[in-house]
Every structure is written in structure tokens, then in C-alpha cells.
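Chain by chain, the residues:
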Amino acid sequence: MYLSKLFIPITKDLPAEAKIKSHQLMLRTGMIKQSSAGIYSWLPLGFKVMKKIEKIVREEQNLIGAQEMLMPTIQSSEIWKESGRYEDYGEEMLRMKDRQGREILYGPTNEELITDIFRTSIKSYKSLPQILYHIQWKFRDEIRPRFGVMRCREFFMKDAYSFDLSDEEAKNSYNKMFYSYIRTFNRLGLKAIPMAADTGPIGGDLSHEFVILAETGESQIYADKNILEIDLNQYKFNDSSLQKMRNDFSKIYAVTDEKYNEDEFNKKVKKDNQMITKGIEVGHIFYFGDKYSKPMNCSIDDKDGKKTSVKMGSYGIGVSRLVGAAIEANYNNNIMKWPKSISPFDVVIIPSISKNNKENLEKAKKIYQDLKNQNIDVLLDDVDENMSNKFKKHDLIGVPFQIIIGSKSEGNNYEFKELNSKSEILNLEKIKLKLKT
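It should be emphasised that the depicted structure is a prediction, and the values quoted were computed from it without experimental measurement.

S.K.: Help me understand empty space enclosed by the protein in this model?
M.R.: Unoccupied space between atoms shows up once a probe the size of one water molecule is rolled over them. Applying the stated rule across the entire model yields 2 cavities of 30 Å³ or more. Looking at the largest cavity, its volume works out to about 110 Å³. Lining the largest cavity, in full, are Ile182, Phe185, Asn186, Leu190, Lys191, Ala192, Ile193, Ile227, Leu228, Ile230, Leu232 and Phe249. Of all elements in the fold, only helix 5 (167-187) and strand 9 (192-196) reach the threshold of two or more residues within the lining of the largest cavity. Looking at the lining of the largest cavity residue by residue, the classes come out as 10 nonpolar, 1 polar and 1 charged. Counted as a void, the second largest cavity has a volume near 50 Å³. In terms of residue class, the lining of the second largest cavity is built from 4 nonpolar, 2 polar and 3 charged.

Structure representation (C-alpha cells):
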């Protein structure tokens with residue numbers, strides 16, 4: 001993509017309404033545009049990052065055997081009344097009536113709808129276990145939306161639901177999702193800490209939230225630093241290894257302020273190893289047994305032919321929220337550096353251009369085409385602007401690698417720079433190798 005053709009409405013002024021780095025940066029670089037309070041249009045740069053995150057989330061869900069589907073954003077109120085949550089959910093639920101006067105709602109979550117789908121489709125234990133997921137827009141009418149995409153009203157989310165015959169089998173499904181989430185955040189270049197959590201309005205008695213470290217996070221974190229050192233490569237995709245993984249994480253102290261106890265913290269964690277910081281919740285998993293299946297009569301025939309309520313869990317990842325969270329975790333000294341896996345482009349070519357000399361631009365175009373032929377996603381800054389402004393702009397956009405064509409370039413050797421690192425002079429073949437590793 002040529003920068004001159006990219007729809008990227010960069011602004012110089014710091015948006016007055018934006019209080020945290022991710023919100024400021026996403027507005028300034030034209031990743032999003034506010035439509036109304038807590039509701040945003042996703043412009044090309046932001047949408048591209050979000051779709052890369054979605055792709056990784058999808059791949060990791062598929063890897064554990066979850067099956068993708070798609071449920072609607074609008075749901076009937078009847079199934080929510082059946083589960084008993086229609087009145088209990090509160091004012092975050094956007095309730096409406098259609099032209100026939102029937103009560104409908106914009107789905108804030110999908111436990112009721114997926115239970116209704118399952119109960120009309122699966123009747124025997126032989127079809128279990130099942131894990132179904134979708135990636136869809138949700139709406140929760142936050143009383144005070146803030147922090148841009150971090151706490152907004154309309155958001156893009158992956159939610160999955162597991163169905164099992166017994167508690168033991170359901171815990172295996174829970175462990176699979178625990179494993180999937182750790183892998184997902186690792187691939188996104190984020191260090192996510194799983195923490196025992198309250199179940200809230202979802203219900204149940206087992207829950208973990210996944211929190212990434214960021215000073216602008218809303219969650220206060222109290223943890224043993226050892227939890228950051230667990231080697232993920234030791235775990236395999238089988239029931240015993242997955243249980244060991246959850247046990248290994250669970251036995252190391254890590255809680256948010258909701259579950260924090262000072263005496264317990266000081267007793268379990270050595271002073272030198274205590275970590276007290278802020279974090280951002282990016283995923284949450286729940287096991288709630290028959291909380292929904294029982295009142296909604298979602299039962300199957302077990303091995304003895306008896307009707308039994310299926311055991312269920314639900315598992316959410318905030319896909320759009322992760323865009324903001326990645327910024328908060330990686331922004332440093334006024335420079336944004338995207339993790340390679342979700343960067344909007346792999347590399348940007350920055351040639352020094354003047355009205356009287358287009359030679360650098362012609363070199364840049366040849367390199368651009370060469371990299372494109374190698375399936376490297378490249379941005380070419382073909383805008384006639386002084387180099388100082390170009391560097392400031394690309395520090396803001398955050399593409400992790402730069403090829404700079406200027407006074408230090410000679411022949412097939414070019415200045416190559418990784419953000420937050422010193423530049424080096426490399427030939428094009430070595431640059432390609434670095435971009436592909």
C-alpha cells in the first residue's frame with residue numbers, strides 16, 4: 001500500500017476526550033472514529049489490526065476442536081426470561097420492541113441463545129463433548145463508556161460455549177480453553193496472567209480472567225513474579241498436561257483487587273517477589289455446570305438412557321478490546337511498536353524525497369514490489385514531506401520495521417531499523433530474512 005492512497009486521517013492535536021494512550025493513538029492515527037458515546041467506526045488501519053487478532057483467535061479456537069458458527073446480534077427476550085436473567089441483567093441490556101410489539105434485545109452475551117440451539121439439536125451423550133464459538137458484535141449499555149475501545153458500548157468479541165456430560169469432562173473442556181487462551185495471547189505478543197476471578201452475572205463456581213500488564217489498566221494486580229516465568233512449551237494437548245498447566249498457574253499467587261487479601265499475599269509471596277501493578281482484562285472463562293441448561297430444560301440421554309442436564313462453560317475474548325490493550329502494553333516514550341503478528345504492515349519504506357530528486361522514490365518502488373512478491377505486507381511512504389515529520393508519523397503508526405532510503409543508502413545496501421533500536425546498514429536479501437523470521 002502506498003501511504004498517499006491509504007485512508008489514514010492522521011491528526012496533530014491530542015483529542016481532548018481521550019485520557020489513555022490507546023484512545024489517543026487510535027483517534028490520532030485514524031484507526032477509529034467515534035460515531036456516538038462508546039460506539040466507533042473502525043477505519044482501515046484499525047480494522048486491519050483487529051482482523052489480524054481475529055484470525056489468531058480463530059486459529060487457536062479451531063486447534064482445540066472448537067467449531068465456529070454465527071449467532072445474531074438481536075435475540076428474543078423469551079429465552080432470557082426462561083433462564084431468569086432478563087430482569088436480573090440490569091440496564092446494560094438494550095431492550096427494544098419490534099413492530100409486532102414483541103420484546104427483543106441486542107445481545108450482551110449468548111448463553112441463552114446457544115443453549116436454545118443446543119437443546120433442539122443434540123439429544124444423546126454420544127454427540128458430546130461439543131465446543132461451539134462465534135465472533136460477533138455485542139452491545140452493553142455502559143453507564144459511562146470511556147477509554148475508547150477499552151470500555152465501549154458496542155464491541156467485537158469471541159465467545160465460546162462447551163457442552164459436556166459430567167463435571168469431570170466439563171473441566172477438561174475448561175482446561176482446553178485455558179490452554180487456548182494462553183497460546184492466543186502469547187501469539188499476540190502479550191503476556192497474559194490467568195487469575196482466579198468472580199463469576200459475576202454469568203454465574204458458576206469456577207472462573208479465570210486473563211489480564212495483561214499495563215499501567216493504564218483498571219484492574220489492580222497482586223501477584224508472584226514467578227508466574228511470568230512459566231515455560232509454556234512444556235505443556236502438551238492432552239488431558240493430564242492441560243490439567244497440570246492450570247494447576248501450575250493456579251498454585252502461584254495472582255489475584256485482582258476483588259480477591260486480594262493482604263495477609264494472604266504477604267504469607268504466600270516473598271517480599272522481593274511481590275508484584276503490585278495495573279492490568280487490563282482481555283479474556284474471561286467460566287464453568288457454571290447446569291445454571292442455564294437446567295432452567296431451560298437442556299438435557300440429553302446419558303449412557304443409561306436417563307435424562308441429564310448438560311454441563312456448560314462459556315469463554316470470552318474481547319477482540320476489539322485487544323487492539324487497545326496491545327497499544328497500552330507496547331507504547332513507550334511516545335513510540336508505538338505493534339507486535340509483529342498483529343502489526344498493520346510488516347515494514348514501512350521511508351525514502352527521502354524532494355521535488356528535484358525522485359531517485360530515492362524510484363528505488364523505494366522497486367524494493368516495495370520485490371517485498372510484495374515475497375508476500376511481505378509493506379507500506380511505502382511516497383508522500384513528499386521532510387524526513388523528520390515522516391519519522392514522527394511512523395513512530396506514531398508503529399509499524400515495527402523501517403527501511404530508510406536516504407544519505408546512508410548505497411547500491412543494494414539500505415538503512416534498516418527496528419523501532420526502539422539502533423539502525424543498521426543491510427543489503428536487501430538480509431532485510432528480507434529479518435522480516436521473515
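The discussion continues.
S.K.: Is there a simple way to think about helix 10 (residues 387-397) in this case?
M.R.: At 3.6 residues per turn, the α-helix brings residues three or four places apart onto the same side. Every buried residue of helix 10 is listed here: Met387, Lys390, Lys393, His394, Asp395, Leu396 and Ile397. Tucked into the core, helix 10 has its buried residues touching helix 1 (21-28), helix 2 (44-63), strand 17 (347-351), strand 18 (378-380) and strand 19 (401-405). Two to three positions downstream of the cap, the backbone nitrogen of serine 388 sits 3.1 Å from a side-chain oxygen, assigning the N-cap of helix 10 to asparagine 386. Directly beyond the C-terminal end of helix 10, a positive phi value near 90 degrees is found at glycine 398.

S.K.: Explain the sheet that holds strand 5 (residues 94-97) to me, please; I cannot follow it from the model alone.
M.R.: Note on sheets: strands pair through backbone hydrogen bonds, and any given pair is parallel or antiparallel. If you trace the 3 strands from one edge of the open sheet to the other, you get 4-6-5, paired in antiparallel fashion. The sheet is open, and its two borders are formed by strand 4 (74-76) and strand 5, each paired with just one other strand. Recorded for the sheet is a direction-independent mean angle of 35 degrees between the axes of neighbouring strands. As defined by bridge partners, strand 4 adjoins strand 6 (residues 103-106) across 3 bridges and the pair is classed as antiparallel. By the bridge assignment for strand 6, serine 76 is matched with isoleucine 104.

S.K.: Just checking my understanding: could you explain the nonpolar core for this structure?
M.R.: General note: in soluble globular proteins, nonpolar side chains tend to be found buried as a group. The biggest cluster of nonpolar side chains holds 84 residues, and the ones touching the most others in it are Ile53, Phe185, Val323 and Trp338. Per-element accounting of this core gives the leading share, 8 residues, to helix 5. Not counting residues up to four positions away in its chain, the partners in contact with phenylalanine 185 are Leu190, Ala192, Phe210, Val282, Gly283, Ile317 and Leu322.

S.K.: Honestly, the side chain of serine 293 in this entry has me stumped. Any pointers?
M.R.: When you line up the elements, serine 293 lands in the loop between strand 13 (274-289) and strand 14 (299-301). Here serine 293 is in contact with Thr115, Cys298, Ser309, Val310 and Met312, once residues within four sequence places are set aside.

S.K.: What's the story with the pattern of salt bridges in this structure? I'm lost.
M.R.: A side chain of one charge can pair with a side chain of the opposite charge when the charged atoms of the two come close. Scanning all chains against the criterion turns up 33 salt bridges. For glutamate 218, the salt bridge goes to arginine 151, with nearest N and O atoms at 2.9 Å. Taken together, the residues span a long stretch of sequence, with glutamate 218 in the loop between strand 10 (206-213) and strand 11 (219-224) and arginine 151 in the loop between strand 7 (130-139) and strand 8 (154-164) at a distance of 67 residues.

S.K.: I keep staring at the sheet that holds strand 17 and nothing clicks. Help me out?
M.R.: The mixed open sheet is built from 5 strands, whose spatial order is 18-17-19-20-21. Each having just a single partner strand, strand 18 and strand 21 (424-427) make up the two edges of the open sheet. The sheet shows a mean angle of 30 degrees between the axes of neighbouring strands, taken without regard to direction. Judged from the 4 bridges that link them, strand 20 (residues 413-418) and strand 21 form a sheet pairing that is antiparallel.

S.K.: In this structure, what is going on with the environment of isoleucine 135? I would like to understand it.
M.R.: Relative to the helices and strands, isoleucine 135 resides in strand 7. Under the relative-accessibility criterion, isoleucine 135 is labelled buried at 6%. Those residues in contact with isoleucine 135 that lie beyond four places of it in its chain are Glu54, Arg58, Glu68, Leu70, Phe156, Met157, Lys158 and Val319.

S.K.: What is the right way to read helix 8 (residues 319-330) from this model?
M.R.: Across its 12 residues, helix 8 extends 17 Å between first and last C-alpha, which sits within 8% of the 16 Å expected from 1.5 Å per residue. With respect to burial, helix 8 is a largely interior element, 10 of its 12 residues being buried. Within helix 8, the full set of buried residues consists of Val319, Ser320, Arg321, Leu322, Val323, Gly324, Ala325, Ala326, Ile327 and Glu328.

S.K.: Can you help me understand the packing of helix 2 against helix 5 in this one?
M.R.: Relative placement of two packed helices is described by the angle separating their axes and the distance separating the axes. Between helix 2 and helix 5, the least distance of the axes is 9 Å, while the angle of their chain directions is 150 degrees. In terms of orientation, helix 2 lies roughly antiparallel with respect to helix 5. Crossing handedness for the pair helix 2 and helix 5: right-handed. Judged by residue contacts, Ile56, Val57, Glu59, Glu60, Gln61 and Leu63 of helix 2 engage Met177, Ser180, Tyr181, Arg183, Thr184 and Arg187 from helix 5. Grouping the amino acids of the contact of helix 2 with helix 5 by side-chain chemistry returns 5 nonpolar, 3 polar and 4 charged.

S.K.: I tried to follow unusual backbone geometry on my own but got confused; where do I start?
M.R.: Excluding glycine, most residues fall at negative phi; most peptide bonds, likewise, are trans. The omega angle of the peptide bond from leucine 128 to proline 129 is 0 degrees, so this bond is cis rather than trans. Located in the positive-phi region is asparagine 297, a residue other than glycine, with phi close to 55 degrees. Here asparagine 297 shows up in the loop between strand 13 and strand 14. The exposure class assigned to asparagine 297 is exposed, which follows from its relative accessible area of 62%. With phi around 60 degrees, asparagine 375 is a residue other than glycine that occupies positive phi space. With respect to the helices and strands, asparagine 375 occurs in the loop between helix 9 (359-373) and strand 18.

The rules behind these values
- Residues numbered from 1 in each chain as written.
- Predicted model: local features only at pLDDT ≥ 70, side-chain atom pairs only at ≥ 80, totals over all residues.
- Heavy atoms only, no water.
- 1 Å grid on protein atoms, 1.4 Å probe; cavity = no way out; pocket = protein on both sides within 12 Å on 5 of 7 lines; lining within 4 Å.
- Points joined across faces, edges and corners; volume = space filled by probe spheres on them.
- Helix = DSSP H or I, 4+ residues; strand = E, 2+ residues; numbered from the N terminus.
- Nonpolar A, V, L, I, M, F, W, Y, C, P; charged D, E, K, R; others polar.
- Buried < 20%, exposed > 50% of the residue type's maximum accessible area, 1.4 Å probe, protein only.
- Contact = heavy atoms within 4.5 Å.
- Polar contact = N/O pair within 3.5 Å; in protein donor to acceptor, adjacent residues only side chain to side chain.
- Pairing = 2+ DSSP bridges.
- Axes fitted to C-alpha atoms, helices over the stretch in contact; angles between N-to-C directions.
- Core = buried A, V, L, I, M, F, W, Y, C linked by side-chain atoms within 4.5 Å.
- Salt bridge = Lys/Arg side-chain N within 4 Å of Asp/Glu carboxyl O.
- Expected span 1.5 Å × (residues − 1).
- Parallel < 35°, antiparallel > 145°, perpendicular 65-115°, else oblique.
- Left-handed = near helix turned anticlockwise from the far one by under 90°.

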